[in-house]
Amino acid sequence: MSAGISRVAVVGAGLVGASWAVVFVRAGLQVNLYDADAQQLPRAAQSVRRSLEALATAGLLAEPVADVQARLRQCATLADALGDAQYVQESIVESLAAKQALFAAMDQAAAPATILASSTSAFVTSSFAEAFAGRGRCIVAHPVNPPHLVPFVEVSGAEFTHDAVVADTMTLMKRVGQSPI
């Protein structure tokens, strides 16, 4: 599946989410960016642009900044962001209750085959995903920050995470320039 992933959603547009957006657009993927605070979206888009400009200045961007930035789409609703996404990278605040509520909502909004990944460094997959039907597609993909500069990501599922989800997440991370373990 990961070879066919062309659109991802980044949910949570703070520092980590914006950096993940850079990783994905730089790798040629379309990115739907969503944050519950709509005012955060333009700030995140500016952060992505500044990061892309810095990469270009350092000779680390193969395309013009505008072309790469054009792959980023700001979404007003979670449903819009997840509607055509094949992979979701959640990067909200480290609150178990918030992650449980968000993953339950994403389980309802995303297509059944969409991988739902968390950037969490504080919680195991089972702590936020165990209670709903689509839990087999949930996984942790925790980056070293910022992921667009430090390409190292820890990938871990739960006992209920489908083997294909782990394999596809590992493959996708390699494809976008990360070094997953």
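Treat the numbers as computed from the prediction; the structure is a model and nothing was measured. (Residues numbered from 1 in each chain as written. Predicted model: local features only at pLDDT ≥ 70, side-chain atom pairs only at ≥ 80, totals over all residues. Heavy atoms only, no water.)

**Student:** I'd like to hear about the side chain of H142, residue by residue, with values.
**Tutor:** Inspection of the secondary structure puts H142 in strand β6 (residues 138-143). Owing to a relative accessible area of 18%, H142 belongs among the buried residues under this scheme. In this structure the side chain of H142 is engaged in a polar contact, spanning 2.6 Å, whose partner is the side chain of E154. (Helix = DSSP H or I, 4+ residues; strand = E, 2+ residues; numbered from the N terminus. Buried < 20%, exposed > 50% of the residue type's maximum accessible area, 1.4 Å probe, protein only. Polar contact = N/O pair within 3.5 Å; in protein donor to acceptor, adjacent residues only side chain to side chain.)

**Student:** Which residues make up the sheet that holds strand β3 (residues 72-74), and what are the values?
**Tutor:** Here eight strands make up an open sheet; going across it, the order is β3-β2-β1-β4-β5-β6-β7-β8 and the pairing mixed. Either end of the sheet is taken by a strand with one partner, and the two such strands are β3 and β8 (179-180). As judged from the four bridges shared by strand β4 (residues 87-90) and strand β5 (residues 115-118), these two strands associate in the parallel manner. Each residue of the ladder has a partner; that of Q89, found in β5, is A117. Relative to strand β1 (residues 7-11), helix α1 (residues 15-26) is tilted by about 170°, and along the sheet it contacts β1, β2 (30-34), β3, β4, β6 and β7 (152-156). (Pairing = 2+ DSSP bridges. Contact = heavy atoms within 4.5 Å. Axes fitted to C-alpha atoms, helices over the stretch in contact; angles between N-to-C directions.)

**Student:** Tell me about the pattern of salt bridges, residues and numbers included.
**Tutor:** Following the criterion strictly, the structure yields eight salt bridges and no others. One salt bridge connects E53 with R49, and the closest N-O pair in it is separated by 3.3 Å. Here E53 pairs with R49, and both are found in helix α2 (residues 40-57), just four residues apart, close to one helical turn. Relative accessible area serves as the criterion here: at 34%, E53 is assigned to the partly exposed category. R49 sits in the partly exposed class, given a relative accessible area of 34%. One salt bridge in this structure joins R137 and D107, with 2.9 Å as the shortest N-O distance. In this pair, R137 sits in the loop between α6 (125-129) and β6 while D107 sits in helix α5 (residues 96-109), placing the two residues 30 residues apart along the sequence. Look at R137 and you get buried, because its relative accessible area is 6%. (Salt bridge = Lys/Arg side-chain N within 4 Å of Asp/Glu carboxyl O.)

**Student:** Break down the packing of aromatic side chains for me, citing the residues and quoting the values.
**Tutor:** A complete count under the given rule lists three aromatic pairs for this structure. Ring centres of W20 and F24 lie 5.4 Å apart, and the angle between their planes is 15°; this geometry places the pair in the stacked category. One end of the pair is W20 and the other is F24, both in helix α1 and four residues apart, which spans about a single turn. Of the residues examined, W20 reaches a relative accessible area of 0% and is grouped as buried. A residue is classified by how much of its surface remains accessible, and F24, at 0% relative accessible area, is buried. (Phe/Tyr/Trp six-rings, centres within 6.5 Å; stacked < 30°, edge-to-face > 60°.)

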